[in-house]
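An overview of the molecular structure
These are the residues of each chain, in order.
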Amino acid sequence: MARFPGRSWAPSATGASGSSVASRATGTAGSAGGRPHGRQQQPRAARPKPVKHRSVAGQFFALQVLVVLLLVASAVVALVVQSRNDARHEATNRSVAVAQTFANSPGIVEALRSPDPTAILQPYAQAARINAGVDFIVVLDTNGIRYTHPNPARIGQKFVGNYEPALQGQVVTEEINGTIGPLVQAIVPVHAPDGQVVGMVSAGITIANVSSASERQLPVVLGAAAVALGLATCGTALISRRLRRQTHGLGPVEMTRMYEHHAAVLHAVREGVLIVGGDGRLLLCNDEARRLLDLPADAEGRMVTDLGLETAPQDLLTANRPVNDEMVLAGERLLAVNVRLTDQAGGPPGCVATLRDSTELLALSGRAEVAQRRLRLLYDAGVTVGSSLDVTRTAEELAQVAVPRFADFVSVDLAEQVLEGEEPPPGLELGRMRRAAFSGVRTDAPFYPVGTVVDVVPTSPLAGALSSGLAGVEPRLAEAEAWREQDPERSAQVLAYGVHSLVRVPLRARGVLLGVARFWRADRAEPFDEEDLALAEELVSHAAVCIDNARRYTREHAMAVTLQHSLLPRSLPEQNALEVAHRYLPAQAGVGGDWFDVIPLPGTRVALVVGDVVGHGLHAAATMGRLRTAIHNFSTLDLPPDELLGHLDELVNRIDQEESATGGSAAVTGATCLYAIYDPVSRRCTLASAGHPPPAMIDPAGRVVFPELSTGPPLGLAVLPFETVEVEVAEGSRLVLYTDGLVEDRERDIDEGLELLRAALAGPTRTPEQTCADVLGAMLPAHPQDDIALLVAKTRVLAEDHVAEWEVRSDPAAVGEVRAAVAERLALWGLDEAAFVTELILSELVTNAIRYGTGPIRVRLLRDRSLICEVSDGSSTSPHLKYAATTDEGGRGLFLVAQFADRWGTRYTATGKVIWTEQPLE
């Protein structure tokens, strides 16, 4: 509390111990201001006049007045200067704007070039001057002679001012003292259409005629100054009155006595008291606080962080928050700490702390701390154990979370069937287990290493725990004999190593025995007790459920992987058009619905397919198998890619409708597909996409391009027909088809993935197998979240001498000519044995084309793995195989073709159809 020397209510020396003290002792003091009653009995002349108090207030008031006057004077000077600057700036802007406007007005150039410019411009200049509010507008010629002026007597005289820069096309502004006072004038050039300066225009305005907003603010400033003086007067009066109220009229003697009483009480209580300021300094502490915290003698006034306190009490004193009976350790003392903030009721910032010695509660606090550590261990185990659906990893997490907070060594042994995801053997006994995880404070302990097969001895306590399902504890292993029966030699090594206590807990979940977890202590002196056994059972029960979940997931994952691999191509068909390599990698979280296919087509063509079903698990794999089977069926119809995707889209819609109608859950939630057909004869590739990423094409020089495909919507969502794109592919090029799991994941978008794929594919020519390896090596994520299907095909071209083609006249006589030409080509190829059958087939097909088809009719022979005969015409009518009756004159031609050819069929083209046959080559 501050002391105000200007107002002292202390009694005189003669009455210091008289009436004043007596009145307080008898309780007669009772004035509203809190003054002692005896103080009123003193003569008025004996009281010091409060001259200093009033003089201090007066000085404070004078200082306020001086500050206000200085601020007002500064504001007035600033307004005057600002007003002048604003007036000059406004005058300059207005004169330049008026001069430029007049100089650019229509007709001024013609007026300057007229015989009498003054007669034309003087009226306009006067009218513009009046409208613009300037003092003059003067038009000059290039010699500075005035054409116009408000005073007609000055027309024809020389202009006063610097107009030479205006002749160079510049705008000139200047301040001058004219006959009408200080003014600002601007001179601007008048340009002819060819850019030549033909004259000048000057406009000016006196500064006195430009009013400024700053001048209008001067009365406001003066009014504000008057208000400030009034507020200062009122503020001084209120402050003086409040000071009198706060001190309650007490003088130095009374205030000193009050401080002495406060100090006596403060240091007499048996509770530590500390006052900390808002800046973290210790303002006051009593003797008990010094004793409890071992504070130095000069503690007051120093920062709390510099007093050498322990971390717990120091954090409470500097946390700037209320604390209620929080127990902290300070050395060997247990202190109950309470903290209250002093600024909550309008007081100064800081806090008041009280300390109470509660060392007798230390033992109880220790037990509470042990319980808290155990709860923390159980919480950490619940968070960390079971983070993945992997049996081995879950066992490792159990072993790691208990070391070293609960045990020094932990081993987890599981049934071998559990590690493989299978059901453990029935019953409550396990004859054989495998060590799945081990963790310890050191690595040289003589325990079984991970992977060791443990055969359970039937007479050992381990077998008893497994058969009963009950946990057990061996507090002192050195005194126990039965546990050594499991492995006497290993048990002796464990004891020699220093292991002295053991807890064993069977791993059981959902009534199934999975294995056993054992906890060992060596470095910690205290043995396991019953409370530790209960904690171990809590840990193991949670881990057992997680291990069983991982086991079930492993089993289902293996089933899904087996199903998917059974649905994917086990081997690629033989064909000569492409050299193909492929990769399929399932996601870590489970298999999905990615697939690929290589399908040979008639005419040495090959179809490449890559697709992706949304989702993971058995449903996605089964959906993939349905779509892959459908594509194989549609490909036998030899449809173009766009039509095949259209039929596939209709199939997906029917599947969804059937599942919706029956309430099933096997609807196709989404699928994409890319279908491409490569023809090694024409070297053209036809592609169509249903929501799938575009393929990559690498030419023999190593350049990578992504063809512009009209990517349609995913299957089941199409509302418009799919579109095809046809590109020509050079021999030796590589086609790369993939699913989005290769180029897109949580850490990168598809654009970034495509650029990475481009970089991985660019470079020298590589085989498809090497290309697959390089792409996966560069782009495979550490933890794939989606399936990855990759298909790389290197193009080949059917040699020109293996292709023969003829155009056939629409005349039955042309059949013989074709047969002769075909026989000659077969002899050239060394296929004389196939000549008879080939001639017979071509005779039937060409005759049908001439009789029932339309031109043009062409015949093509292809020598590949088989001999392919193709007859094309302009008709879209397809022949059908049927049995001819004995009375029918025809209908046996296709029957003969089907008998002699290994395969035959029809495919439709944009101009008609092609009937083809294949004959095996021995």
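Residues numbered from 1 in each chain as written. Predicted model: local features only at pLDDT ≥ 70, side-chain atom pairs only at ≥ 80, totals over all residues. Heavy atoms only, no water.

Here we look at the overall build of the chain
Counted only if it meets this: Comment: elements are numbered from the N terminus, with helices defined as DSSP H or I runs of at least four residues and strands as E runs of at least two. Working definition: with a 1.4 Å probe on protein chains only, accessible area under 20% of the residue-type maximum means buried, over 50% means exposed, and in between means partly exposed. Residues are treated as being in contact if the distance between any of their heavy atoms lies within 4.5 Å. In this description, accessible areas are obtained by the Shrake-Rupley approach with a 1.4 Å probe, and a residue is regarded as covered only by the protein chains that are shown.
Per the secondary structure count, the chain includes 23 helices and 30 strands. Scored against the burial criterion, the 922 residues of the chain give a buried share of 43%. In the chain, once contacts between residues fewer than 6 apart in sequence are set aside, the share between residues at least 24 apart is 62%. By element, 55% of the accessible surface of the chain is carried by carbon and sulfur atoms, the whole surface being about 46,600 Å².

Considerations on the sheet that holds strand S3 (residues 181–191)
Keep this limit in mind: DSSP calls a pair of strands paired once it identifies at least 2 bridges connecting them. Note on method: axes are straight lines fitted to C-alpha atoms, helices fitted across the in-contact stretch only, with angles between N-to-C directions ranging 0 to 180 degrees.
Sheet architecture is open: four strands sit in the order S1-S4-S3-S2, paired in antiparallel fashion. Lying at the two open borders of the sheet, with one neighbouring strand each, are strand S1 (136–140) and strand S2 (172–178). Here the average twist between neighbouring strands, direction ignored, is 25 degrees.

Regarding the nonpolar core
Going by this rule: What is meant by a nonpolar core is a set of buried Ala, Val, Leu, Ile, Met, Phe, Trp, Tyr and Cys residues, joined one to another through side-chain atoms within 4.5 Å.
Counting residues in each nonpolar core, the largest one holds 53 residues, and the members touching the most others are Trp595, Leu608, Ile631, Leu648 and Tyr675. Element by element, the count of residues in this core is highest for strand S19 (residues 671–679), at seven residues. If you look at the next biggest cluster of nonpolar residues, it comprises 46 residues, including Val456, Val473, Leu507 and Leu533.

A closer look at the packing of aromatic side chains
To keep things clear, this is the line we draw: Planes of paired rings set the category: under 30 degrees apart is stacked, over 60 is edge-to-face and the rest tilted, where pairs are Phe, Tyr or Trp rings (Trp by its six-membered ring) whose centres lie within 6.5 Å.
According to the stated counting rule, one finds eight aromatic pairs in the structure shown. With a centroid separation of 4.9 Å and an interplanar angle of 55 degrees, the aromatic rings of Phe447 and Trp520 are classed as tilted. A residue pair is termed long-range when its members are at least 10 positions apart, and Phe447 in the loop between strand S11 (432–440) and strand S12 (453–455) and Trp520 in strand S15 (residues 512–521) qualify at 73 residues. Under the relative-accessibility criterion, Trp520 is labelled buried at 5%.

So, the sheet that holds strand S17 (residues 592–600)
Spatially, five strands are ordered S17-S18-S19-S20-S23 in an open sheet, and the strand pairing comes out antiparallel. The sheet terminates laterally at S17 and strand S23 (724–728), the two strands that pair on one side only. Direction aside, neighbouring strands of the sheet carry axes that sit 15 degrees apart on average. Pairing of strand S20 (residues 684–690) with S23, which is carried by five bridges, proceeds in the antiparallel orientation. Along S23, the bridge assignment pairs Arg684 with Glu728.

Re a nonpolar patch on the surface
Our working definition: In this analysis, a patch consists of residues with relative accessible area above 30% that form no salt bridge, clustered at 9 Å for like charges and at 5 Å for the nonpolar side chains Val, Leu, Ile, Met, Phe, Trp and Tyr. By salt bridge we mean one thing: a side-chain nitrogen of Lys or Arg within 4 Å of a carboxyl oxygen of Asp or Glu.
On the surface, Leu63, Leu66, Val67, Leu70 and Leu71 cluster together to form a nonpolar patch covering roughly 480 Å² of accessible area. Checked against the element boundaries, Leu71 lands in helix H2 (residues 51–103).

Some details on the environment of Pro506
Following the sequence through the fold, Pro506 ends up in strand S14 (residues 501–509). Discounting residues that sit within four places of it in the chain, Pro506 has contacts with Ala465, Gly469, Leu470, Ala471, Leu513, Gly515, Val516 and Val540.

Here we look at the pairing of strand S7 (residues 323–330)
Summarising the sheet, S7 and strand S8 (residues 333–341) pair through six bridges and their orientation is antiparallel. Each bridged residue has a counterpart across the sheet, and for Val328 the counterpart in S8 is Leu335. What sits between the antiparallel neighbours S7 and S8 is a turn of two residues, in which Gly331 has the positive phi angle 70 degrees.

Observations regarding the layout of surface pockets
The test is simple: Only protein atoms enter the 1 Å grid used here. Points where a 1.4 Å probe fits but cannot escape make up a cavity, open sets with protein on both sides within 12 Å along at least five of seven lines make up a pocket, and a residue lines them when an atom lies within 4 Å of a point. Grid points are joined across faces, edges and corners, and a volume is the space filled by probe spheres set on the points. Under the scheme applied, nonpolar residues are Ala, Val, Leu, Ile, Met, Phe, Trp, Tyr, Cys and Pro; charged residues are Asp, Glu, Lys and Arg; polar residues are all the others, including Gly.
Size it by volume and the largest pocket reaches roughly 870 Å³. For the largest pocket, the lining is made up of 31 residues, of which Asp679, Arg907, Thr909, Ala910 and Val914 are closest to its centre. Going through the elements one at a time, helix H17 (641–662), S19, S20, S23, strand S27 (857–863), strand S28 (866–873), strand S29 (903–908) and strand S30 (913–920) are the ones with two or more residues in the lining of the largest pocket. When the residues that make up the lining of the largest pocket are grouped by side-chain class, the tally is ten nonpolar, eight polar and 13 charged.

Structural notes on helix H21 (residues 814–829)
Each full turn of the α-helix corresponds to 3.6 residues, which orients residues three or four apart in the same direction. To be explicit about the condition: Given the number of residues in a helix, its expected span is that number minus one, multiplied by 1.5 Å. Directions drawn from the helix axis to the C-beta atoms are what define this arc.
Counted at 1.5 Å a residue, the expected span for H21 with its 16 residues is 22 Å, and the 23 Å between its end C-alpha atoms agrees. Along H21, the residues classified as buried are Ala814, Val815, Val818, Val822, Leu826 and Trp829. In an axial view of H21, the angular spread of the buried residues amounts to 105 degrees, which keeps them on one side of the axis. Counted as exposed and oriented over 90 degrees from the buried face of H21: Glu824 and Leu828. On the buried face of H21, the contacting elements are strand S26 (803–808), helix H22 (835–852), S27 and S28. One or two steps after H21, the chain reaches Gly830, where phi turns positive at roughly 80 degrees.

A look at the environment of Pro189
Of note, Pro189 is situated in strand S3. For the pair Pro189 and Met200, spaced eleven residues apart in the sequence, the C-alpha separation amounts to 4.4 Å. Among residues more than four places away in sequence, those in contact with Pro189 are Ala103, Ala166, Gly169, Gln170, Val197, Gly199 and Met200.

Here we look at a negative patch on the surface
Applicable threshold: In summary, the charge assignment counts Lys and Arg as positive and Asp and Glu as negative, without counting His or the chain termini. Positions of charges follow a simple convention, taking NZ of Lys, CZ of Arg, CG of Asp or CD of Glu.
Residues Glu744, Asp749, Asp751 and Glu752 make up a contiguous surface patch of negative charge. Mapped onto the elements, Glu752 comes out in helix H19 (residues 750–761).

Observations regarding the pattern of salt bridges
Counted by the stated rule, this structure contains 46 salt bridges. The salt bridge involving Glu288 is made with Arg270; its shortest N-O contact spans 3.0 Å. Residue Glu288 is located in helix H8 (residues 287–293), and its partner Arg270 is located in the loop between helix H7 (252–268) and strand S5 (272–277); the two are separated by 18 residues in the primary sequence. In this structure Arg270 comes out as exposed when scored by relative accessible area, which is 62%. For Arg809, the salt bridge goes to Asp811, with nearest N and O atoms at 3.3 Å. In this structure Arg809 comes out as partly exposed when scored by relative accessible area, which is 41%. Residues joined in a network through salt bridges with shared partners are Glu423, Arg510, Asp548, Arg551, Arg552 and Arg555.

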